[in-house]
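This is what each chain is made of:
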Amino acid sequence: MKRIGVITSGGDSSGMNAAVRAVVKTALDQGCEVYGFLRGYTGVLNGKYSIMDSRAVSGVIQRGGTILQSARCEEFKTEAGQLKAVSNLFGLGVEGMVVIGGDGSLRGANVLAGMGMPVIGIPASIDNDIFGTDISIGADTALNVIVGAVDMIKDTASSHDRAFIIEVMGRNCGYLAAMSAIACGAEVAIIPEIGFDLGKIAERLYARFKEGRTNSIIMVAEGAMSAYEVENQLKDRIGYDIRITVLGHLQRGGSPTVFDRILASRLGRSAVEALLRGESGKMVGQVKNRIVLTDLDEVLGTCKMVDLEMIELTDILGR
Ligand code: F6P
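No experiment lies behind these values; they were computed from the predicted model shown. (Residues numbered from 1 in each chain as written. Predicted model: local features only at pLDDT ≥ 70, side-chain atom pairs only at ≥ 80, totals over all residues. Heavy atoms only, no water.)

## Some details on the overall build of the chain
Assigned secondary structure in the chain consists of eleven helices and eleven strands. For the chain, whose C-alpha radius of gyration is 21 Å, the value lies close to the compact-globule estimate of 20 Å for 319 residues. Projected onto its principal axes, the C-alpha coordinates of the chain cover approximately 70 × 35 × 35 Å. Relative to all contacts within the chain whose residues are 6 or more apart in sequence, the contacts with residues 24 or more apart total 75%. Here the chain displays about 13,600 Å² of accessible surface, and carbon together with sulfur accounts for 49% of that area. For the chain, the distance from the average site of its 33 positive side-chain charges to the average site of its 37 negative ones is 5 Å. (Helix = DSSP H or I, 4+ residues; strand = E, 2+ residues; numbered from the N terminus. Rg over C-alpha atoms; globule rule 2.2 N^0.38 Å. Contact = heavy atoms within 4.5 Å. Areas by Shrake-Rupley, 256 points an atom, 1.4 Å probe, with all protein chains shown as cover. Lys, Arg positive; Asp, Glu negative; His and termini not counted. Charge placed at Lys NZ, Arg CZ, Asp CG, Glu CD.)

This is the structure:
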């Protein structure tokens with residue numbers, strides 16, 4: 001293989017640049033040329049790419065976002081778009097692709113592989129909802145951003161005797177809400193994976209209020225319910241005032257943590273090595289600190305849940 005392509009696709013996550021850097025440096029080291037397509041599958045469809053040398057990835061390991069930019073490409077979801085993408089790639093002499101992104105991006109990678117283009121996926125999503133890896137690139141940085149924000153909110157919550165409902169990202173997954181609840185000492189985590197009863201939560205918070213515990217933090221995953229809906233159900237029932245903070249897209253930014261930089265570097269290198277060994281239709285992941293390859297069919301066909309132990313822990317420690 002003499003020419004490989006790389007894209008970052010879907011919602012960006014901090015550490016994507018570290019992964020691109022590792023892909024480029026490993027490929028160059030193996031004598032391969034790297035085409036970095038811009039804005040995910042959109043760049044593949046429009047033929048927008050740059051040829052990446054090691055200067056192109058210099059000084060990027062500490063930067064959030066993605067130097068290749070990202071997009072959610074509607075055209076690529078159509079059969080015509082997929083045919084055009086694969087024929088563009090073959091036309092450019094690209095012999096293998098590395099796709100860095102979340103669930104939707106990896107679905108696209110699997111389609112490309114099915115059409116005969118060798119592809120390896122790298123999991124990158126703050127949601128950490130991808131099977132085949134203990135953690136995806138960006139989730140650790142997002143958690144650190146959330147914990148920093150909630151620590152500050154806790155100061156004002158205690159000064160004013162208030163409950164704060166803090167909405168975090170996680171479309172179908174409560175990983176960020178559950179893990180940040182543990183790390184911040186939150187009283188409640190509301191996540192889509194398990195049923196929740198807001199009546200019972202209100203009773204619990206009111207019982208604490210009667211004991212003189214007059215502030216609290218309630219973490220809610222956007223995929224479970226909006227913070228405003230939660231407030232509607234809790235207001236006037238817990239004994240003290242409620243305020244809302246929706247953390248939004250700030251969770252996707254920031255300089256990647258050491259953990260994300262190393263994870264991304266390992267996965268980037270392994271993805272290129274797998275391609276060069278002739279692997280395709282697979283994703284590289286980190287499981288129990290080892291790098292493993294999993295078929296994209298299995299990755300995409302398996303639902304990843306927040307660890308039950310973590311769910312129990314949020315409940316026990318929130319009491
Ligand atoms: O999939 C990652 C994610 O950050 C989700 O947590 C969130 O629901 C979504 O992307 C937001 O997407 P967009 O930036 O397109 O609004």
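So that's the structure; there's more coming.
## Focus: the pattern of salt bridges
The full count for this structure, using the stated rule, is 14 salt bridges. Here Asp12 ties to Arg252 by a salt bridge, and the two come within 2.8 Å at their closest N and O atoms. With a gap of 240 residues between them, Asp12 in the loop between strand E1 (3-9) and helix H1 (16-29) and Arg252 in the loop between strand E9 (241-246) and helix H9 (258-276) connect regions that are remote in the sequence. The class for Asp12 is partly exposed, based on a relative accessible area of 23%. Under the relative-accessibility criterion, Arg252 is labelled buried at 18%. Of the charged contacts in the structure, one is a salt bridge between Glu211 and Arg213, with a shortest N-O distance of 3.0 Å. Among the charged side chains, a salt-bridge network with shared partners connects Arg204, Asp315 and Arg319. (Salt bridge = Lys/Arg side-chain N within 4 Å of Asp/Glu carboxyl O. Buried < 20%, exposed > 50% of the residue type's maximum accessible area, 1.4 Å probe, protein only.)

## Topic: the site of the ligand
Inspection of the region around the ligand gives Arg72, Ile126, Asp127, Met169, Gly170, Arg171, Glu222, His249 and Arg252 as its neighbouring residues. Contact distances for the ligand include 3.3 Å between an oxygen atom and a backbone N or O atom of Gly170. Calculation on the ligand without its partners gives an accessible area of 400 Å², and the protein chains cover 75% of this total. Taken together, the residues that form the shell around the ligand break down as two nonpolar, two polar and five charged. (Near = heavy atom within 4 Å. Polar contact = N/O pair within 3.5 Å; in protein donor to acceptor, adjacent residues only side chain to side chain. Nonpolar A, V, L, I, M, F, W, Y, C, P; charged D, E, K, R; others polar.)

## A short note on the sheet that holds strand E6 (residues 162-168)
Read across the sheet, four strands follow the order E7-E8-E6-E9 without closing on themselves; strand pairing throughout is parallel. The sheet is open, and its two borders are formed by strand E7 (188-190) and E9, each paired with just one other strand. Strand-to-strand twist of the sheet, defined as the mean angle between neighbouring strand axes without regard to direction, takes the value 20 degrees. Alignment of E6 against E9, held across six bridges, turns out to be parallel. Bridging from a neighbouring strand, Ile166 pairs with Thr245 of E9. With respect to the sheet, helix H5 (residues 139-160) is in contact with E6, strand E8 (216-221) and E9, its orientation differing from that of E6 by roughly 160 degrees. (Pairing = 2+ DSSP bridges. Axes fitted to C-alpha atoms, helices over the stretch in contact; angles between N-to-C directions.)

## With respect to the packing of aromatic side chains
Under the defined criterion, the tally for this structure stands at six aromatic pairs. With centroids separated by 5.6 Å and ring planes inclined at 55 degrees, the aromatic side chains of Phe37 and Tyr49 adopt a geometry described as tilted. Residue Phe37 is located in strand E2 (residues 33-37), and its partner Tyr49 is located in strand E3 (residues 49-51); the two are separated by twelve residues in the primary sequence. Of the residues examined, Phe37 reaches a relative accessible area of 0% and is grouped as buried. You can call Tyr49 partly exposed: its relative accessible area is 30%. Each ring, one from Tyr206 and one from Phe209, has its centre 5.9 Å from the other, and the planes form 25 degrees; the classification is stacked. Taken as a pair, Tyr206 and Phe209 lie in helix H7 (residues 198-210) at a separation of three residues, close to a single helical turn. Each member of the aromatic cluster is reached from another via a ring pair, and the members are Tyr35, Phe37 and Tyr49. (Phe/Tyr/Trp six-rings, centres within 6.5 Å; stacked < 30°, edge-to-face > 60°.)

## A word on the packing of H5 against helix H6 (residues 175-184)
The interhelical angle for the contact between H5 and H6, taken along N-to-C directions, is 50 degrees, at an axis separation of 9 Å. The pairing of H5 with H6 is recorded here as oblique in orientation. Crossing of H5 over H6 shows right-handed handedness. Note on element contacts: H6 touches H5 through Tyr175, Leu176, Met179, Ser180, Ala183 and Cys184, opposite Ala139, Ala142, Leu143, Ile146, Val147, Val150 and Lys154. Taken together, the residues of the contact of H5 with H6 sort by class into eleven nonpolar, one polar and one charged. (Parallel < 35°, antiparallel > 145°, perpendicular 65-115°, else oblique. Left-handed = near helix turned anticlockwise from the far one by under 90°.)

## Considerations on the pairing of E6
When you tally the buried positions in E6, you get seven out of seven residues, the bulk of the element. Taking every second residue as pointing to the same face, both faces of E6 are buried, with Arg162, Phe164, Ile166 and Val168 on one and Ala163, Ile165 and Glu167 on the other.

## What about the sheet that holds E3?
Taken in spatial order, the seven strands make up an open sheet running E3-E2-E1-E4-E5-E10-E11, and their pairing is mixed. Lying at the two open borders of the sheet, with one neighbouring strand each, are E3 and strand E11 (290-295). Across the sheet, the mean angle from the axis of one strand to that of its neighbour is 25 degrees, orientation sign disregarded. Bridge count for strand E4 (residues 96-101) against strand E5 (residues 119-123) is five bridges, and the pairing is parallel. By the bridge assignment, Val99 is partnered in E5 with Gly121. The strands that H1 touches are E1, E2, E4 and E5; relative to E1, the one it contacts most, it runs at about 180 degrees.

So, to be careful, I would describe these as geometric facts and stop short of saying anything about function.
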